[in-house]
Each structure stands twice: as structure tokens, then as C-alpha cells.
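Descriptive structure summary
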Amino acid sequence: MNALTESVQILRDAEGQPAFVVIPFADYQAFVKGENKVKHGIPAAVVDLAMDNEWSAARAWREYKELTQTEVAKRMGITQGAYAQLEAKKSIRKSSRDKIAKAFDIHESQLDF
């Protein structure tokens, strides 16, 4: 069982169909406040772009966000060519990953796939 469902209880109706879900109160409060337990998820579309095209995570995110290499490079304060080299790599240094994530307005962990 995964962490998101291990403390959930499903109550069923007379026909055995799910009718209610009992969750911990803290989870309910977070839900009501609009807080999300999965804070740094990766959209399936981003993963699909990367896997279907054999792209790096950086390229998949850039394409998903409909940005050009020049736009991302400008946000990072580097040249388009320098960014293109970073994007082509499957693995990049943490400092570069952090800068790319900031340019995409995502958490750096979202580039780890």
C-alpha cells in the first residue's frame, strides 16, 4: 500500500460500492486549505515527452512550457548555445539543475527523472 492510501478507510454501501472515505483529520484539513501532499509532482505529459522522444527532462519541460531555448537561456542569464549544451545532457550538475528549475518555475526535484 502506498503512503497516500495506507491511512484511508473506504466505507461501502449495501451493494458493496464505495460510498464514503474516511481519512485522517490532518489530511482533511490540508485538503480543505487547498494544500496538496504531492508538492513536486511531474505532469504525465512531461514524462511522456521525455520518454517518447528520448529527450532530457530539461527539454521535455521546455517543450511542455512552450519555451524556446533562447527564452530559457535569457531567464538563466546564459547564451542559447550554453543552454543547448545543458539541455542535451541526460545528467547535469546540481547547480545547473537548480538554475534550469528556477527558469521553468518548478522545483529542482522535478528534473530528476
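None of these values were measured; they are calculated from a predicted model.

Rules used in this analysis
Residues numbered from 1 in each chain as written. Predicted model: local features only at pLDDT ≥ 70, side-chain atom pairs only at ≥ 80, totals over all residues. Heavy atoms only, no water. Helix = DSSP H or I, 4+ residues; strand = E, 2+ residues; numbered from the N terminus. Contact = heavy atoms within 4.5 Å. Polar contact = N/O pair within 3.5 Å; in protein donor to acceptor, adjacent residues only side chain to side chain. Buried < 20%, exposed > 50% of the residue type's maximum accessible area, 1.4 Å probe, protein only.

**A word on the environment of His40**
- Relative to the helices and strands, His40 is located in the loop between α1 (25-32) and α2 (44-53).
- Separated by 27 residues in sequence, His40 and Asp13 have C-alpha atoms that sit 35 Å apart.
- For His40, the contacting residues outside a window of four places in its chain are His107, Ser109 and Gln110.

**A closer look at the side chain of Gln69**
- Following the sequence through the fold, Gln69 ends up in helix α4 (residues 69-76).
- Polar side-chain contacts of Gln69 include one of 2.9 Å to the side chain of Glu87.
- When neighbours within four sequence positions are excluded, Gln69 is seen to be in contact with Arg62, Gln80, Tyr83, Ala84 and Glu87.

**Comments concerning unusual backbone geometry**
- Residues other than glycine seldom take positive phi values, yet Glu66 does so here, at roughly 55 degrees.
- Inspection of the secondary structure assignment puts Glu66 in the loop between α3 (57-64) and α4.
- The class for Glu66 is exposed, based on a relative accessible area of 70%.
- Unusually for a residue other than glycine, Asp105 sits at a positive phi of about 60 degrees.

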